[in-house]
Amino acid sequence: MSDYPLPVSHVIDQSTPASERSTLLEKLHEWVVTVDHKRLGILYILYSTFFLLVAGAEALMIRVQLAYPHNHVLSAQVYNRFFTMHGTTMVFLVGMPFLFGFANYIVPLQIGARDMAFPRVNAFSFWLTAFGGFLLYYSFLGGAGLYGVGNAPDVGWFAYAPLTLRAFSPGHATDYWALALIVSGFGTLGTAINIIATVISMRCKGMTLMRMPLFTWLLLIVSMLTLVTITPLTAAQFMLLIDRYLGGHFFDTQAGGSSLIWIHFFWIFGHPEVYVLVLPAFAIANEIIPVFCRKAIFGYPAMVAASVCIMFVSLSVWAHHMFTVGMTSVSNAFFTLSTMLVGVPTGIKIFNWIATLWGGRIRFTTAMLFCIGFLFHFLIAGLTGIMLSVSPWDWQLHNSYFVIAHFHYVLVGAVVFCIFAGIYYWYPKATGRLMNETLGKWHFWLFTIGFHITFDTMHFLGLLGMPRSIYTYQPDRGWNFLNLVVSVGGLIQGIAVLIFAYNFIASYWSGEVAGDDPWDAWTLEWTTSSPPPVYNFEEEPEVHSRRPLWDLKHPDDPDWEYES
Amino acid sequence: MSSIPVSHPERTVEWHLPNKRRVGMTALIVGESAIFTIFVVAYVFYMGKSLSGPTPAQVLEVPILATICLLSSSITIWRAEKAIEDDRIGSFTVWLGATIALAAVFLMGTAFEWKKLIYQDGLTISTNLFGTTFYSLVGLHATHVVVGMFLLTSTFVLSLFGWVDSRQSERFGVVALYWHFVDAVWIVVFTVVYLIGR
Amino acid sequence: MQTRCTKRLICRSSAAAWLLLTSPMLIAQGMTPSTLAPASTPAHQIFNLSIFVVAVTGGIFLVVSGLLAIALYRFRARKTDPVGEPAQIYGSTQIELAWTVIPILIVVVLFLTTARIIFAIQDAPKPKTALDVTVIGHQFWWEFRYPKYGVVTANELHIPVSSDAAPAATFLKLTSADVNHSFWIPQLAGKTDLIANHVNTMWMDPQKPGLYLGQCAQFCGSQHAMMLLRVYVDTPEQFDAWIKNQQHSAPQNSAVEAGRRVFERQACMNCHTVSGTTATGRFGPDLTHLMSRATLAAGAMDNTPENLRQWIKSPDTFKGGALMPAMQLTDEQLDQVTAYLETLK
């Protein structure tokens, strides 16, 4: 019917005779040696989901300990290991792998490619990341043993020197931290290089950079940012190991070394890192919101420009984590300004999303609900970020529960919400089955209620002077009731996540069959079967606009007539 | 069949995208540059701050020969690139060999320099801030030279077996790109350590 | 069909509920180290700035979340919608410009307001009458030195109250003997880090006498949570009396001679100083006026003889991971040394 040579999708024949079906061992072997981007994407996502549950359990233990003052559930040493592992796990073994897992699965499909640019490097990167995680958690088995939480790192996820030097951290806890992250860092670097090469060099015919889906655009930007984000941390960790094992003096204050350069290097990594975590969340929202309000994204070029702006400006704000270390007033003022400025392109994105909703026909599927939650939370998180950028106020709020509230608003309220949204949205594509919508809505509402109970309250704890990283607190400081409330919210979130985990697993067998395009969407991944064949597309697609499937469905009103 | 004409500007578009291997290597170079930058920043930050021990001015000699060799190797590898593009494999092998030889001279220069520093001047990585930052930075660079030599030597051996021709010219170009990066880093390290820092 | 409206209602009413429940707590209870109850100029300046910032960001929040709520309600899919897709709107350059320029203007206003306070606090000129105190952070206690008075003490800081008639600011120099710490008394000033090999400065001029609480605000190891701070803002008379007491050496009291000998022979003096005796250790807190403090071990427990005895017997009882080792003293030695320390007023 159409003049467009779009690939014909193709129902995969699922009925193989028993004699030809592979054994369990053969199936496992296939998964271990796979270089297929879809399988690696699924491996990343399963890996992250596992660690989400582990780090979530760590968080619940933290909240049980803090529910009452002078509680004795966890000793100081155990608590310090738990909060360090919670942070390190969530950033490196949950956040990054989830988002790179999504990238792995979806980017080649969205650009009409057969696989990533370097499939074997892809597999190698995954296994490096996986090994890094394994190494980090192996630390639980050392030292005083499992119940004393072994040799797990206990220096905070930010591992400030000189606390991490041999003089103050004897034993191997810090070494596990540094080595595990160096190894998984190389994996991350490999994936970033792969994504960049794939997006630049493997787009199908007609897909110029300005016709790529925004998900792919943002993952390209994230990958470029990753190149200069993870590497400073790797460098600093090498320096730490040189200090710890080769007698180096990078951070050795006794020899004239400086704690401050660790802090600078860490945050030169640490700040762009949070953009590495949040930009893929934007990427997911950029795909889901238009589909469920039945309108193209408002202001595509502006969204691209704003994202590129964020990438650059985010490299100049790191010292807003350091307002209290004693920089000059001029430096503090500079970083205040740059931090406020990075809020401008970020705000533009929020406005564009609202403009997308405006005039649409909004369908409140679970994926969409999580995206709406993301919008609301990210607005608040951005505003508390502005509050923290006001350096004098940060002199009060830094290292208090206000900061914890702020960054959990971003990392849970925005990033995790978008991860959930992405899972509900693309699960049908990857498995051929829809997740259960009723359970999804239970998950959403319980999680949102628990989230607000916990993290709204935390802001007040910070304002009332409660610092972070403390295993207990004095009963006469007025923090008792609020801490209990925060802990209760945590439990509610835990229940919600369990509902999600059940839905995630059960739907694989009992979910409604999805078909190629259950959401009536417009990008290339929905033109192929669910799940896609291993080669993705029978013929290389050729596209002429940002929404090739829209063009196919609306030949009388194609996008390319309107796109500038 | 739609009766509305569905023609649009670029029906049979020329579709050329950059070579994926070059893009990948460029991305790797960007990442590695960030690592080097951090080590250079540490070196610069700690210039003059050592509390004891030998200073750069006291013990460092400008490695002129080694530097000339390494920078010349960029020229020889460029000649090798040109040769393989034109399918002149004999010439390619010679230029590649020259590159490897020059790199080897550079590494030997570094080795002798470090021997002198360690045994004669008593400067090790744990001596003072200068020692720590010097060996880390120069050592990181030398490691990259070693990796590069491995790539070059493998190609050289394959070429001796007659298994290399112009069909691999793009891939060799990627190796050459890495090599040029290694040289560029040396220019920065040389300037910071041996010119400014002394 | 879920409406965004319900969710907003839940969120808004829960926010209101928290505010109601916690508002009594937002007004400083006696012991709450609240940033919302400033008692010194820097804290006041920060608080006033924060009100302005909340007003601006609150305004932005109301506008944007209002638009979001309206969009979700007005444009929800209804059964009565016409068939086909709604009008596809791809963008608008004017709107993009508008919502780029307006935020930039807001940033400019916020930044200039903030910069003024940064300079007012950080670059405040030091008055000649200012009191100098040096703060040195240790794992897990605070060392306070008054250079002009020759006083060295630990964990509990005494500073004079300041008034318009008799301004008396205290200027602190902060550094660390080991890892990073941070000095935070929310009611008196923002926090400033203590970093080895690096001297930071801060100032405060409390306007109401009383006890102000705080604690270490940079993770410094296992007992970071119990590195508490007590700042006593004294009237001029109280402050003078305190200084005079601190300047005295420890009295020689023959009744506790046995305890003093235990102190000197059991290696206590390797870490602790008691002025006027041979004990000149610097690793642990100065104990010359231990009994003038309300708490022990940087606030870990009240200063009672039982607690003191138990602390010396086994520091891990109160502060597992503290760097003071259990000295393996006999019960008799414990009684004697506790009696001795009880005389160090």
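See the structure shown above.
Residues numbered from 1 in each chain as written. Chains lettered and ligands numbered in written order. Predicted model: local features only at pLDDT ≥ 70, side-chain atom pairs only at ≥ 80, totals over all residues.

Colleague: Account for the nonpolar core, naming residues and giving values.
Modeller: In this structure, A:I288, A:F370, A:C371, A:F374, A:C418 and A:A421 are the most contacted members of the largest nonpolar core, which totals 341 residues. Taken domain by domain, the makeup of this core includes at least three residues from each of domain 1 (4-80 + 87-122) and domain 2 (254-341) of chain C. Among all residues touching A:C371, those that are not within four sequence positions of it are A:A285, A:I288, A:I289, A:C418 and A:A421. (Core = buried A, V, L, I, M, F, W, Y, C linked by C-beta atoms within 7 Å. Buried ≥ 20, exposed ≤ 12 C-beta atoms within 10 Å, placed from the backbone. Domains from an automatic or database assignment. Contact = placed C-beta atoms within 7 Å.)

Colleague: I'd love a proper account of the sheet that holds strand β5 (residues 170-176) of chain C, names of residues and values included.
Modeller: All names here are of chain C. The strand order β3-β2-β1-β5-β8 describes an open sheet built from five strands, whose pairing is mixed. Both edges of this open sheet fall to β3 (151-154) and β8 (200-204), since each of them pairs with a single strand only. The sheet shows a mean angle of 25° between the axes of neighbouring strands, direction not considered. By the bridge criterion, five bridges tie β5 to β8 in an arrangement that is antiparallel. Opposite T170, over in β8, you have M204 as the bridge partner. (Pairing = 2+ DSSP bridges. Helix = DSSP H or I, 4+ residues; strand = E, 2+ residues; numbered from the N terminus. Axes fitted to C-alpha atoms, helices over the stretch in contact; angles between N-to-C directions.)

Colleague: So what's going on with the packing of helix α13 (residues 401-431) of chain A against helix α14 (residues 437-463) of chain A? Residues and values would help.
Modeller: Residues and elements named next belong to chain A. One way to put it is that α13 packs onto α14 with a least axis distance of 8 Å and a crossing angle of 165°. With respect to α14, the axis of α13 lies roughly antiparallel. In terms of crossing hand, the pair formed by α13 and α14 is left-handed. Here α13 contributes Y401, F402, V403, I404, A405, H408, Y409, V412, G413 and Y424 to the contact with α14, which in turn contributes G440, F451, F455, M458, H459, L461, G462 and L463. Its residues assigned to classes, the contact of α13 with α14 comprises 13 nonpolar, five polar and no charged. (Parallel < 35°, antiparallel > 145°, perpendicular 65-115°, else oblique. Left-handed = near helix turned anticlockwise from the far one by under 90°. Nonpolar A, V, L, I, M, F, W, Y, C, P; charged D, E, K, R; others polar.)

Colleague: Let's hear about the interface of chain A and chain C: which residues, and what values?
Modeller: Counting from both sides, the interface comprises 81 residues of chain A and, opposite them, 85 residues of chain C. Of all the secondary structure elements, the ones that give two or more residues to the side of chain A that touches chain C are α3 (76-110), α8 (259-293), α9 (300-313), α10 (329-357), α11 (366-389), α12 (391-397) and α14 of chain A. Among the elements that line the side of chain A that touches chain C, the one with the most residues is α10(A), at 14 residues. Among the residues forming the side of chain A that touches chain C, the class breakdown is 46 nonpolar, 26 polar and nine charged.

Colleague: Pulling in residues and values, what's your account of the interface of chain A and chain B?
Modeller: At the interface, 37 residues of chain A touch 32 residues of chain B. Considering each element in turn, the side of chain A that touches chain B owes the most residues, seven residues, to helix α7 (residues 230-245) of chain A. Per-class residue counts for the side of chain A that touches chain B are 23 nonpolar, ten polar and four charged.

Colleague: Provide a residue-level description of the sheet that holds strand β9 (residues 210-215) of chain C, including the pertinent values.
Modeller: Residue and element names in this part refer to chain C. Pairing is mixed across the open sheet formed by three strands, whose spatial order is β4-β10-β9. Unpaired on one side and paired on the other, β4 (156-160) and β9 mark the two borders of the sheet. The average angle at which neighbouring strand axes cross in this sheet is 25°, direction not considered. Pairing between β4 and strand β10 (residues 228-234): five bridges, direction parallel. Bridging from a neighbouring strand, E156 pairs with R230 of β10. Against the sheet, helix α4 (residues 236-247) touches β4 and β10, its axis set at about 130° to β4.

Colleague: A description of the arrangement of the chains should follow, citing residues and the corresponding values.
Modeller: The pair of protein chains exhibiting the most contacts, out of two pairs of chains in contact, is chains A and C. Spatially, chain B is disjoint from chain C: no contact exists, and the shortest C-alpha separation is 12 Å.

Colleague: Could you give an account of α7(A), naming the residues involved and the relevant values?
Modeller: Residue and element names in this part refer to chain A. Helix length check: α7 (16 residues) gives 22 Å between terminal C-alpha atoms against 22 Å at 1.5 Å per residue, within 8%. For α7, the tally of buried residues reaches 13 of 16 residues, placing the bulk of the element in the interior. G247 occupies a position one or two residues after α7 and carries a positive phi of about 75°. (Expected span 1.5 Å × (residues − 1).)

Colleague: Summarise α10(A); cite the residues concerned and give the values.
Modeller: Residues and elements named next belong to chain A. An ideal rise of 1.5 Å per residue puts 42 Å on 29 residues; α10 measures up with 43 Å between its terminal C-alpha atoms. Burial analysis of α10 places 23 of its 29 residues in the buried class, the great majority of the element. Two residues or fewer after α10 comes G359, characterised by a positive phi angle close to 85°.

Colleague: Now, about unusual backbone geometry: what can you tell me, with residues and values included?
Modeller: Residues A:A161 and A:P162 are joined by a peptide bond in cis, for which omega reads 0°. Along the chain, A:P162 falls in the loop between α4 (119-138) and α5 (173-201). Following C:Q139, the chain continues to C:F140 via a peptide bond in cis, the omega torsion being 5°. Its location among the elements puts C:F140 in the loop between β1 (131-138) and β2 (141-146). If you check the backbone angles, B:D87 has positive phi at about 65° while not being a glycine. By the secondary structure assignment, B:D87 is in the loop between α3 (64-85) and α4 (89-120). For B:D87, a count of 12 C-beta atoms within 10 Å gives the class exposed. Of note, the phi angle at C:A297 is positive, near 55°, even though the residue is not glycine. The topology assignment puts C:A297 in the loop between β11 (295-296) and β12 (301-302). Of the residues examined, C:A297 has 24 C-beta atoms within 10 Å and is grouped as buried.

As far as function goes, none of this settles anything; it's purely spatial.
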